[in-house]
Amino acid sequence: MSTINPDQINAQRLAGMRPSADRTDIDPALGDGSLVDDPAQQGPLVLNNRSFHDITEIVSGYSEKAPSWWWFHALGFAATVAAIAQIMILYLIITGVGVWGLNNQVDWAWDITNFVFWIGIGHAGTLISAILCLLKQQWRTAVNRAAEAMTIFAVICAGIFPGIHVGRVWFAWMLFPIPNSNMIWPNFRSPLLWDVFAVSTYATVSLLFWYMGMIPDFATFRDRAHLRLRQGKSKLIELRLPVPLPIPTIKLPWRGDLVRAYIFGFLSLGWRMSGRHWYRYEKAYLILAGISTPLVLSVHSIVSFDFATSILPGWHTTIFPPYFVAGAVFGGFAMVLLLMIPLRALLPNFSDLLTLRHLENMAKILLVTGMMVGFAYAMEFFIAWYGGNEFEWYAFIGNRVDPSKAPYWWAYWIMISCNVISPQIFWIKKMRRNPLAIWIVGFFVTIGMWFERFVIIVTSLHRAFLPGEWHMFFPTPVDILTFVGSCGIFLTLFLLFIRFLPIFPISEIKNVLPGASPHDYHDDHGHDEAHSAEGAH
């Protein structure tokens, strides 16, 4: 018989110092054990009875341990693709926007399509972090950090296209609210100038929100590096080539943990894990969440004003602001799933923190937002018919839907197939819980959301009121490679993020463990362990 008091065992287990017994009663129908169909029970958000120490070791290990072979190959590929965008942008600046497929009629096309696409991708991070935080949805902790990072990287990619679209990029400063040499101010009534304010505000708040959430984790990384230095467990930095060559290994004269201690010490802003720090942190985090929430609605609404404030058929509609917001959330969640699901197979213990329950919740959101987008598509036709405007009706039937009249009909039906039809498989429970099926739908939705922006912009512009002004748009290789290169920039930044920064919020994941709330803790047999220990005592 153990000489340790049962209350002490219970306290150690609640504190994460003693692991719980492994579960052997998981029903195979419930997948990894996180899928509980009984509404009276709450499935675990972290699997395999991970302790607080386990969470720290797993998340820190992604940054502290040497990266796997796949990371080097993926980074090399993404960086090569990103270099293509830099070459294309330099070529554009030297040659001019004539290298694009633009013409007098379709003066917005591939570039603005990409701008709206990337802005939409960046909405999922704010939604997951801010709105779900305010709604106290604990399952957000597995995906919010990566989604926040994705927001920053998507806004960076989005900002490329308006800057180079102006043609003379050295005059891009005229977008800012300052007068030029003739004391002429920008046109503040232009929705394009509203974009500057909306996107820059969104990027600033999102960056602050992302950084503030990482401050406790930066302090953890700092303390771990400092502890290894004190214990003499730190090693010299070694530069090794990924392929064997007759070149000796280069050992730099400083230690990696010393560099990490200084960098993360600076980024942690003197965080000491004190009660006062946690109080200020939680209050500031909540304030930023409250500020970020209306930005989800305002930013893409203002982007939609680029089109809705015009008189062009296909654009002149009041449904655009909610339509664009729903589409942005839809596409953003699809991109999060597209990036996170492969990491479950590539990174060790990743599936313990990102469970099937998280994926099922996000699949449900994809289904709901997909139906909202489908409703908006249907309402566009109703508004065009009910308004009695023959030009508006022709913009949808003659320019988009009818294969016998519309040259871009294939783009419209790709959009419908990917955005409206593909998410409907999530009505089937088995599909909502299948990572491969979720990833495939996320891939299709990402493609469909790009085609949505292409359909809105190009099919509304290429046929104006006079048939003599009708022109087709055909993208050039510079158009295509610039967008492909922006995807490379996005992937490069994301790969660097998962390598050097905490991909999960350590403190927030610990808060959803059973040991963080003793009042809600139950043992493996469904009995309150505290009561059992009390009875034994």
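Residues numbered from 1 in each chain as written. Predicted model: local features only at pLDDT ≥ 70, side-chain atom pairs only at ≥ 80, totals over all residues. Heavy atoms only, no water.

## Remarks on the overall build of the protein chain
In step 1: Check the secondary structure of the protein chain and you find 19 helices and 2 strands.
In step 2: The buried share of the protein chain, reckoned over its 537 residues, is 50%.
In step 3: A separation threshold of at least 6 residues defines the contact pool for the protein chain, and within that pool the share at least 24 residues apart is 78%.
In step 4: Carbon together with sulfur atoms contributes 67% to the accessible area of the protein chain, which is approximately 26400 Å² in total. (Helix = DSSP H or I, 4+ residues; strand = E, 2+ residues; numbered from the N terminus. Buried < 20%, exposed > 50% of the residue type's maximum accessible area, 1.4 Å probe, protein only. Contact = heavy atoms within 4.5 Å. Areas by Shrake-Rupley, 256 points an atom, 1.4 Å probe, with all protein chains shown as cover.)

## Considerations on the pattern of salt bridges
In step 1: Overall, the coordinates contain 11 salt bridges when judged by the stated rule.
In step 2: Asp-352 is the salt-bridge partner of Arg-50, the closest N and O atoms lying 2.7 Å from each other. Pair noted here: Arg-50 is in the loop between α1 (6–14) and α2 (52–64) and Asp-352 is in helix α11 (residues 350–353), with a separation of 302 residues, a long-range link.
In step 3: The class of Arg-50 is partly exposed, set by a relative accessible area of 21%. (Salt bridge = Lys/Arg side-chain N within 4 Å of Asp/Glu carboxyl O.)

## Notes on the state of the cysteines
In step 1: Throughout the structure, instances matching the rule amount to 0 disulfides.
In step 2: The structure places no disulfide on Cys-157, whose sulfur is separated from the nearest cysteine sulfur, that of Cys-487, by 7.5 Å. (Disulfide = S-S within 2.5 Å.)

## Thoughts on helix α8 (residues 256–267)
In step 1: Under the 1.5 Å per step criterion, the end-to-end length of α8 is 16 Å for 12 residues, consistent within 8% with the ideal 16 Å.
In step 2: Among all positions in α8, only Gly-256, Asp-257, Arg-260, Ala-261 and Phe-264 are buried. End-on view of α8: buried residues confined to an arc of 130°, all on one side of the axis. Exposed residues on α8 whose side chains face more than 90 degrees from its buried face are Tyr-262 and Phe-266.
In step 3: Residue Leu-269 follows α8 closely and has a positive phi angle near 60°. (Expected span 1.5 Å × (residues − 1). Arc of directions from axis to C-beta.)

## Focus on the side chain of Glu-360
In step 1: Topologically, Glu-360 is positioned in helix α12 (residues 356–387).
In step 2: When sequence neighbours within four positions are dropped, the list of residues in contact with Glu-360 reads Leu-35, Lys-429, Arg-432 and Arg-433.

## Side note on the packing of helix α4 (residues 110–121) against helix α9 (residues 275–308)
To describe two helices that pack against each other, one gives the angle between their axes and the distance between the axes.
In step 1: Contact geometry of α4 with α9 gives a least axis separation of 10 Å together with a crossing angle of 160°. It follows that α4 is roughly antiparallel to α9 by the angle criterion. Remark: the crossing between α4 and α9 carries left-handed chirality. On α9, the residues that touch Ile-112, Phe-115, Val-116, Ile-119 and Gly-120 of α4 are Val-299, His-300, Val-303, Asp-306 and Phe-307.
In step 2: Along the lines of polarity and charge, the residues of the contact of α4 with α9 split into 7 nonpolar, 2 polar and 1 charged. (Axes fitted to C-alpha atoms, helices over the stretch in contact; angles between N-to-C directions. Parallel < 35°, antiparallel > 145°, perpendicular 65-115°, else oblique. Left-handed = near helix turned anticlockwise from the far one by under 90°. Nonpolar A, V, L, I, M, F, W, Y, C, P; charged D, E, K, R; others polar.)

## A word on the nonpolar core
In step 1: Core analysis: the biggest nonpolar cluster contains 142 residues, and Trp-118 and Phe-497 have the highest contact counts within it.
In step 2: Broken down by element, this core gets its largest block of residues, 16 residues, from helix α10 (residues 320–346).
In step 3: Leave out the neighbours within four places in its chain, and Trp-118 touches Ala-154, Cys-157, Ala-158, Phe-161, Phe-483, Ser-486, Cys-487 and Phe-490. (Core = buried A, V, L, I, M, F, W, Y, C linked by side-chain atoms within 4.5 Å.)

## Structural notes on α2
In step 1: In a regular helix each residue adds 1.5 Å, so 13 residues correspond to 18 Å; α2 covers 18 Å between its end C-alpha atoms and thus fits that length.
In step 2: Every buried residue of α2 is accounted for by Ile-55, Thr-56, Ile-58, Val-59, Ser-60, Gly-61, Tyr-62 and Ser-63.
In step 3: Tucked inside the fold, the buried residues of α2 contact α7 (191–231), α8, α11, α17 (477–500) and α18 (506–511).

## So, the packing of aromatic side chains
The way to describe two aromatic rings as a pair is by their centre distance and the angle between their planes.
In step 1: One pass over the structure, following the stated rule, counts 48 aromatic pairs.
In step 2: Centre to centre, the rings of Tyr-394 and Trp-470 are 6.3 Å apart; their planes meet at 20°, and the pair counts as stacked. Linking Tyr-394 in helix α13 (residues 390–401) with Trp-470 in the loop between α16 (435–461) and α17, this pair joins segments that are 76 residues apart in sequence.
In step 3: A relative accessible area of 33% places Trp-470 in the partly exposed class.
In step 4: With centroids separated by 5.8 Å and ring planes inclined at 80°, the aromatic side chains of Tyr-408 and Phe-454 adopt a geometry described as edge-to-face. With Tyr-408 in the loop between α13 and α14 (409–421) and Phe-454 in helix α16, this pair connects stretches of sequence that are 46 residues apart.
In step 5: For Tyr-408, a relative accessible area of 3% gives the class buried.
In step 6: A relative accessible area of 4% means that Phe-454 is categorised as buried.
In step 7: Its end group placed over the ring of Phe-500, Arg-499 keeps NZ or CZ at 5.2 Å from the ring centre. (Phe/Tyr/Trp six-rings, centres within 6.5 Å; stacked < 30°, edge-to-face > 60°. Lys NZ or Arg CZ within 6 Å of the ring centre and 35° of its normal.)

## What about the environment of Trp-194?
In step 1: You can see Trp-194 is positioned in helix α7.
In step 2: Trp-194 sits 109 residues away from Val-303 along the chain, and the two C-alpha atoms are 8.1 Å apart.

## Looking at unusual backbone geometry
In step 1: Phi is positive for Lys-136, which is not a glycine, with a value near 55°.
In step 2: The residue Lys-136 is located in the loop between α5 (123–134) and α6 (144–165) in this model.
In step 3: Under the relative-accessibility criterion, Lys-136 is labelled exposed at 70%.
In step 4: Positive phi values are uncommon outside glycine, yet Leu-269 reaches one of about 60°.

## Concerning the confidence of the model for the protein chain
In step 1: Mean pLDDT over the protein chain works out to 82, with 85% of the residues at or above the 70 mark.
In step 2: Mean pLDDT across the elements of the protein chain ranges from a minimum in helix α19 (residues 529–536), with 38, to a maximum in α17, with 94.
In step 3: Across residues 1–26 the pLDDT falls below 50, and counting only partners more than four positions away or on other chains, this stretch makes 39 contacts in the model. (pLDDT = per-residue confidence, 0-100.)

## Considering the environment of Ala-82
In step 1: Position of Ala-82 relative to the elements: it lies in helix α3 (residues 69–95).
In step 2: For Ala-82, a relative accessible area of 7% corresponds to the buried category.
In step 3: With 403 residues separating them along the chain, Ala-82 and Gly-485 place their C-alpha atoms 4.5 Å apart.

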